Every structure is written in structure tokens, then in C-alpha cells.
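Chain by chain, the residues run as shown.
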Amino acid sequence: MRVPPDLTRIGGDSRSSRALFAVPLVIILAVTVIDLHMPPTVHLGPFLIAAPAITASFAGAGGTAAIGSLAVVAQIIIGVFHGGLETSNHQAQIVALFLISGLVTSFRYATDRHRRRLRQVRSVAVAAQEVLLRPLPERIGELNIASLYLASDEEAQIGGDLYAAVRTERATRLVIGDVRGKGLAAVGDAAVLIGAFQGSAYHNLSLPGIATHLGSAMCWNWQQTGGDERKSLESFVTAVMLDVYDDGPVTGMVNCGHPSPLLLHKGEIATLDVREPAVPLGMEPPEEGDFQVEMFRFEYGDLLVLHTDGVVEARDESGAFYPLPERLACWKGGSPQSLVDYLHADLLRHTGGAVNDDAAIVVIARCAWAPPAPPPATRSTRGSGHARRKPWRPPAPGGTSGPR
């Protein structure tokens, strides 16, 4: 994370902060000159306190102390020319200006120290968040991918939404999910699920198998963190898991209570609804038979839009939800990244610049796919003619249905 310049030194590190020092210097000079030309009964010296007070708003403790010292010197000069420093009035003004300048400098020093600590905490948090939710690669397997994450917490980069992608033996596997809740607890649950998803990639589990694994990981996590039975029942993760196969224009999907993906195919938008959605992950100890894989066509030139409910439930000032399918229909076309950029700007325009819930979008495009070459023609053992080529069929994990 790029840390802003530290302004604790005199003058700071930026040109703007150095230019602002002209304001308190002009105040000190103006008050001193005017006071020296006024009758001895008129005292403008108390206005000098404005100089260190203004400096504290843009400079560090060092700069504030320097301006405060100049203000005290100016007060001494005024006292010398207006009756001498022996008068009680001038002595009181000098002492008061010195004490107030010291207090202002002390408060500025405490503020700078707090900001330095906060920057350190934020830098660690940003590093941890970047490790947890790694950016998806632009190209993985046969896919081009673009992603977007909008956190509802202004001080965070991620929350309870998650996405990840891994390679399996014959497909690219993706997951997008939404942990119930917000804050650090949701981030921790998202970390557990992403870790379980990525860690199981080398096992080459089926989609029902990976769903079972993730559900078991979430149940185990909530039990280990000391959650009672009621809390465990109220904690869950909605998720969609996809296998985009390398050797055919289809994708297999398991949906666990998550918003359905949208498919852009030749200018038309289709919602990929499953016939048998599963319950969200973590609500109960899962079994592999609880999850059914359904197949959908996903051809070259198509775009698949995965999203969380923070996108479709984003509201405008009137309370209207974000109409994702209608907004997709207004898109002029292009790459996955251009679609993500379009949705990002359009979503923020709809909500007035900020979302009230975490939102994630992943757009996938299949690269050019060429079917495998047919085997060489062979003479049939029964009669004349050539052997018939077998049609392509997607992998058949347990509980699948045919391509739509």
C-alpha cells in the first residue's frame, strides 16, 4: 500500500504543505506590523495564536512548534516596542501564547503518532487482504477472466464475498460465494472457504465432492471457533461452483443458494437456473449426494457473469434494486474487462458512489475452442463403410444432467 507523505517534519514533504506555511507567516507579520502602528492601549497580540492553530491543521508537530515559536517571538517584539517586557499585560500575553502553542503542538504530535500507527495497521490489513483474495488471472486455461470487488466498509478492500479459480485435470474450476454477515468474522469465514477450495484442487474432486468438502470445512470452522448450535445454524455461505471443461463448449455447475449466473449469448441474456439447487454451505453437515451437477452450453464468444447479491440488491435513492439483466442488455460489447469496467461505473452511478453491501462480479469468456480431430477412418468389421465417430460428451460426475 502506498503510504501518504509524512507531514510531521517542518514543511512536510509536499509542495502544497510548504505553500500553506505562507498563511501563518502572513498572519504573524500582519499582526506584528499593525500592532506596532497602533496606540499602546490597543493589543492585537492575542490574535497571534491563530498562526500555530492554523498550522496544526496541515503540518506536523515540528512545523506547528516552529510557527508557535515565531508567534512568541513576535509577541516579545510587540512587548518591547509597547512599554517593555516588564509590564504584566505583555508578560501574561507571552506566557499564554507560549502555553497554548505548546498544547497545540502536543495535540498535533499525538495525532501524528496515532496516524502513523493507523497507517501501519492498514498496511498490514491490506497485505493480508491481498493474500486472502488474490486477483484472478486474466487468462487461465481456456478462459479470459475479469473481476471486481467492492467492499461496503470504506476502510477495507474485502469483506464476506469471495471468488477464486484453480485448474483441474480437464477443466478450470471457479467459485464465487457470499458469507452471511459482515466484518472480521465474515472475512475469516471467507478465508477458510478460499483456503479449502484452493487446497483441494490437486485432489481432482468432482463438483459434488468439492461442494461437500467446502461445506464440511465451514461446519468444522464454526465448531472450532466455539460457536453455539444456534449461531452455527445462522451461519452459512451461498456459493456457485463451476467447471468449465477444456474439451467441449459446456460448463457444469452446482448452485448452493446463490444468485444464478447470467449468460450473454449472441446478444441474448439467459439466467442459468438449476433445477435442483442445494442448501447453502455450512447449514448442516453435507453429503456428496446432496449436490447435483447441471450442464449448460458455454460457447466461444459467450460471456458468463457471476455475481453476489450485493450487486442485484444495491439500491438507488428511491430504494430501487440494481437491474443487472437490463443493464447488461445496454452494454455495447467487448472484452470481459470492458464489461467489468462498465458494470463498475454503472453500479456506482446507480447507488450514488458507494455500495451498502459487499459486491463481487466475475466475468468469464471462453477462448477459441477447436473440437478434437476425428480419429482416422477405419473399415467396419461388419459390411462396408467407415466406423461412426462418437459424439462429444462432457465428463460425467455423479448426479449430472445433460447439456441444455
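Computed from a predicted structure; not experimentally measured.

Novice: So what exactly am I meant to see when it comes to empty space enclosed by the protein here?
Specialist: Regions of empty space are outlined by a rolling probe, equal in size to a water molecule, passed over the atoms. Scanning the model with the defined rule gives two cavities of 30 Å³ or more in all. Of the voids in this model, the largest cavity is the one considered here, and its volume is about 50 Å³. Forming the boundary of the largest cavity are Gly 215, Val 279, Pro 280, Leu 281, Gly 282, Glu 284, Pro 286, Asp 290 and Phe 291.

Novice: Sorry if this is basic, but what is going on with the UniProt feature "transmembrane region" (unreviewed entry) in the protein here?
Specialist: Per the UniProt record, "transmembrane region" (unreviewed entry) is found at residues 20–38, 50–78 and 90–110. Helix makes up 84% of residues 20–38 and strand 0%, with an end-to-end C-alpha separation of 28 Å.

Novice: Sorry, what's going on with the side chain of Asn 255 here?
Specialist: Tracing the sequence through the fold places Asn 255 in strand 6 (residues 250–256). Here Gly 257 takes part through its backbone nitrogen, which lies 3.3 Å from a polar atom of the side chain of Asn 255. Non-local contacts of Asn 255, meaning those with residues more than four positions away in its chain, are made with Ala 239, Val 240, Ser 260, Val 274, Pro 277 and Ala 278.

Novice: What is the right way to read unusual backbone geometry from this model?
Specialist: Excluding glycine, residues mostly have negative phi values, and the peptide bonds linking residues are mostly trans. The backbone of Asn 204 sits at a positive phi, close to 55°, despite the residue not being glycine. Within the fold, Asn 204 resides in the loop between helix 6 (183–199) and helix 7 (207–224). Looking at Asn 204, the relative accessible area reads 39%, which means it is partly exposed. Despite not being glycine, Lys 266 has its phi angle at roughly 55°, a positive value. The exposed category is assigned to Lys 266, whose relative accessible area is 72%.

Novice: Quick question: what am I supposed to make of the sheet that holds strand 7 (residues 262–265) here?
Specialist: Two modes of strand pairing occur in sheets, parallel and antiparallel, and in both the strands are linked by backbone hydrogen bonds. In spatial order, the strands read 1-2-11-10-7-8; together these six strands make up an open sheet with antiparallel pairing. With partners counted over all chains shown, the strands left at the sheet margins are strand 1 (139–140) and strand 8 (268–271), one partner each. Inspection of the sheet shows strand 7 paired to strand 8 by four bridges, in the antiparallel sense. When the bridges of strand 8 are listed, Leu 263 appears paired with Ala 270.

Novice: Before we go on, may I ask you to explain helix 11 (residues 336–351) in this structure?
Specialist: Along an α-helix, residues three or four apart share an orientation, since each turn contains 3.6 residues. Between its first and last C-alpha, helix 11 extends 22 Å over 16 residues, near the 22 Å set by a 1.5 Å rise per residue. Along helix 11, the residues that are buried comprise Pro 336, Leu 339, Val 340, Tyr 342, Leu 343, Asp 346, Leu 347, His 350 and Thr 351. One face of helix 11 carries all of its buried residues, which in axial projection span an arc of 160°. Residues of helix 11 that are buried sit in contact with strand 2 (143–150), strand 10 (303–307), helix 9 (309–312), helix 10 (324–329) and strand 11 (359–366). Positive phi appears at Gly 352, one or two residues downstream of helix 11, with a value of about 85°.

Novice: Hey, could you run me through the pattern of salt bridges in this one?
Specialist: Pairs can form between side chains of opposite charge whenever their charged atoms are close. Evaluation of the coordinates by the stated rule reveals eight salt bridges. Between Asp 243 and Arg 173 there is a salt bridge, and its shortest N-O distance comes to 2.7 Å. One end of the pair, Asp 243, is in strand 5 (residues 237–245); the other, Arg 173, is in strand 4 (residues 171–179), with 70 residues separating them in the sequence. Judged on exposure class, the residue Asp 243 and its partner Arg 173 are both buried. Across the pair Asp 346 and Arg 349 runs a salt bridge whose closest N-O atoms are separated by 3.1 Å. Highlighted residues: Asp 346 and Arg 349, both in helix 11, separated by three residues, approximately one helical turn. Connected via shared salt-bridge partners are Arg 327, Asp 346 and Arg 349.

Thresholds, definitions, all that
- Residues numbered from 1 in each chain as written.
- Predicted model: local features only at pLDDT ≥ 70, side-chain atom pairs only at ≥ 80, totals over all residues.
- Heavy atoms only, no water.
- 1 Å grid on protein atoms, 1.4 Å probe; cavity = no way out; pocket = protein on both sides within 12 Å on 5 of 7 lines; lining within 4 Å.
- Points joined across faces, edges and corners; volume = space filled by probe spheres on them.
- UniProt positions renumbered as here; feature names shortened; annotations may be inferred.
- Helix = DSSP H or I, 4+ residues; strand = E, 2+ residues; numbered from the N terminus.
- Polar contact = N/O pair within 3.5 Å; in protein donor to acceptor, adjacent residues only side chain to side chain.
- Contact = heavy atoms within 4.5 Å.
- Buried < 20%, exposed > 50% of the residue type's maximum accessible area, 1.4 Å probe, protein only.
- Pairing = 2+ DSSP bridges.
- Expected span 1.5 Å × (residues − 1).
- Arc of directions from axis to C-beta.
- Salt bridge = Lys/Arg side-chain N within 4 Å of Asp/Glu carboxyl O.

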